[in-house]
Amino acid sequence: MSYSLSSYAVLYYGYGQFHFLYRELFASCLGIMLMWGLSYFNVEKHLFGFGILLFVVSLIVIIILPFLPDSYATSAGGAKRWLRLPNISFAPLEFFKIGYIIFIAWSFSRKFNNPNALPFLEQLEILIPHLFVFMFVAILISTLQNDLGQIILLALVFIIMLICAGGRFSLFTLTLGVVSIMGTILIVTSPHRIKRVREWWINIETLIHSYAPNFSLLNDGIDTGGQVQNAAYAFYNGGHFGVGIGESIVKLGFLGEVHTDMILAGISEELGLFGLLVCVAIVFAIIFRILKIAFRLQKNFYSLFCVGVAGLIGFSFLINAFGETGIVPIKGMAVPFLSYGGSSLLALCIAIGLVLALSTKVNLNK
């Protein structure tokens, strides 16, 4: 897909025809080596230290990126998101997410030692510092990376880890409320986010209009969300078995970033519903295996980390899929293991490698 769906970008930027293929192949091979190497990692001694290193170093890079010259930082979405090195660039936020999950898993495992014995107020005292850390992270990502989608992703992972750590349902509702309020503030204070929500609603209106012709709330002549409409065409045109690899129409300039954030539409058009379902099945098989390992681990720290990785993969996939199909507003979210992008792939390979290392600690009696 990195080769087939990138044809328009290759022509537009004047790259060689194998430009994206070679770069993704290199990242894939490096990622497999990282997974294999980390599967022998001594998690007993070094998992927390490794996570804090990822957390701190990535956070520092995120903070300094806006102050670097353009020759060292690549911009996207109105913010500098990639650190550019000779012949390679990487997005520090992708690695930061892994470090953040390790930190939260470690902290929750220490604080929620016996959650059933803790009254609500004591659990609330434990939660409040974590909420402040999350709000600090969210403000940094929002202002320096201009990426609300990643904030929503981290919030969902945080909530699922809180539930699995033993937090009361009242804590879940409180956290969800705080995150919802923060998300609403970040949307209403940003014109481009308001525009994206309006475009999403117009697509919903278009669907409703076919059943209720007089229904209209926001359709006042603004952009009608062509990305989602073209993605819908790709899903429809692919049929059951696709038009064939290399034969996609929407990749010819009709659907931007089709080999990255919109890759599910490209896969659906070229490989059809069958090819898309195969990809979905593989991703969710990986999530199932990670959760199975998490269930069998005796240490809460390790189990929560695995839950966080499963949540990161699962929610990333669902947010992207829901955005491409118009269920939620589009977010610039990479599809795990499928979208073109070395940073996302390498970060996920690091996470999977650590899960493989933890799998040697499972309780086989469970």
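Residues numbered from 1 in each chain as written. Predicted model: local features only at pLDDT ≥ 70, side-chain atom pairs only at ≥ 80, totals over all residues. Heavy atoms only, no water.

- Going by the annotation in an unreviewed UniProt entry, the name recorded for the chain is Probable peptidoglycan glycosyltransferase FtsW, with Helicobacter trogontum given as the source organism.
- For the record of the chain, the UniProt heading Subcellular location (unreviewed entry) holds the text "Membrane". (UniProt positions renumbered as here; feature names shortened; annotations may be inferred.)

### So, the overall build of the chain
- When its secondary structure is counted, the chain shows 12 helices and 3 strands.
- The C-alpha atoms of the chain give 21 Å as radius of gyration, which agrees with the globular expectation for 366 residues (21 Å, within 12%).
- For the chain, the C-alpha atoms occupy an extent of roughly 55 × 50 × 50 Å along the three principal directions.
- Out of the 366 residues belonging to the chain, those deemed buried represent 46%.
- Taking the contacts inside the chain whose residues are at least 6 apart along the sequence as the reference set, 71% of them involve residues at least 24 apart.
- Put simply, the chain shows about 18100 Å² of open surface, and 69% of that area lies on carbon and sulfur atoms.
- A distance of 13 Å separates the average location of the 21 positive side-chain charges in the chain from that of its 17 negative side-chain charges. (Helix = DSSP H or I, 4+ residues; strand = E, 2+ residues; numbered from the N terminus. Rg over C-alpha atoms; globule rule 2.2 N^0.38 Å. Buried < 20%, exposed > 50% of the residue type's maximum accessible area, 1.4 Å probe, protein only. Contact = heavy atoms within 4.5 Å. Areas by Shrake-Rupley, 256 points an atom, 1.4 Å probe, with all protein chains shown as cover. Lys, Arg positive; Asp, Glu negative; His and termini not counted. Charge placed at Lys NZ, Arg CZ, Asp CG, Glu CD.)

### Some points on the confidence of the model for the chain
- Predicted confidence across the chain gives a mean pLDDT of 85, with 90% of residues reaching 70 or more.
- Under a pLDDT of 50 for its full length, residues 215–223 has, in the predicted model, 19 contacts with residues more than four places off or in other chains. (pLDDT = per-residue confidence, 0-100.)

### What to know about the packing of helix H4 (residues 92–111) against helix H5 (residues 120–145)
- Two elements in contact, H4 and H5, have axes whose closest approach is 11 Å; the angle formed by their N-to-C orientations is 175 degrees. Comparing the axis directions of H4 and H5 gives the class roughly antiparallel. Counted together, Leu93, Phe96, Tyr100, Phe103, Ile104, Ser107, Phe108 and Lys111 of H4 and Ile126, His130, Val133, Phe134, Val137, Ile141 and Gln145 of H5 form the full contact between these two elements.
- Its residues placed into classes, the contact of H4 with H5 shows 11 nonpolar, 3 polar and 1 charged. (Axes fitted to C-alpha atoms, helices over the stretch in contact; angles between N-to-C directions. Parallel < 35°, antiparallel > 145°, perpendicular 65-115°, else oblique. Nonpolar A, V, L, I, M, F, W, Y, C, P; charged D, E, K, R; others polar.)

### Observations concerning helix H11 (residues 300–324)
- Along its 25 residues, H11 runs 36 Å from first to last C-alpha, staying within 8% of the 36 Å computed at 1.5 Å per residue.
- Most of H11 sits inside the fold, with 21 of its 25 residues counted as buried. (Expected span 1.5 Å × (residues − 1).)

### Observations regarding the environment of Gln145
- Residue placement: Gln145 occurs in helix H5.
- Given a relative accessible area of 2%, Gln145 falls into the buried group.
- A sequence separation of 79 residues divides Gln145 from Pro66, and the C-alpha atoms of the two residues are 8.7 Å apart.
- In this structure, Gln145 is in contact with Ile62, Leu65, Ala79, Lys80, Arg81, Leu93 and Leu140, ignoring residues within four places of it in sequence.

### As for the packing of helix H2 (residues 19–38) against helix H12 (residues 342–358)
- Following both chains from N to C, one finds H2 and H12 inclined at 20 degrees, their axes separated by 8 Å at the closest point. As judged from the angle between their axes, H2 and H12 are roughly parallel. The handedness of the crossing between H2 and H12 is right-handed. For the pair formed by H2 and H12, the contact residues are Glu24, Ala27, Ser28, Leu30, Gly31, Ile32, Leu34, Met35 and Leu38 on the first element and Gly342, Leu345, Leu346, Cys349, Ile350, Ile352, Gly353, Leu354, Leu356 and Ala357 on the second.
- Broken down by class, the residue content of the contact of H2 with H12 amounts to 14 nonpolar, 4 polar and 1 charged. (Left-handed = near helix turned anticlockwise from the far one by under 90°.)

### Remarks on the pattern of salt bridges
- Tallied over the entire structure, the rule returns 4 salt bridges.
- Linking Lys299 and Glu44 is a salt bridge whose minimum nitrogen-to-oxygen distance equals 3.1 Å. Of this pair, Lys299 sits in the loop between helix H10 (263–296) and H11 while Glu44 sits in helix H3 (residues 43–64); the two residues are 255 residues apart in sequence, bridging distant segments of the chain.
- Here Asp70 ties to Lys80 by a salt bridge, and the two come within 3.3 Å at their closest N and O atoms. Here Asp70, found in the loop between H3 and strand S1 (73–76), pairs with Lys80, found in strand S2 (residues 79–85); they are 10 residues apart in sequence, far enough to count as distant.
- Under the relative-accessibility criterion, Asp70 is labelled exposed at 54%. (Salt bridge = Lys/Arg side-chain N within 4 Å of Asp/Glu carboxyl O.)

### Description of the sheet that holds S1
- The strand order S1-S2-S3 describes an open sheet built from 3 strands, whose pairing is antiparallel. Two strands lie at the open edges of the sheet, namely S1 and strand S3 (88–90), each paired on one side alone. With direction set aside, neighbouring strand axes in the sheet form an average angle of 35 degrees. (Pairing = 2+ DSSP bridges.)

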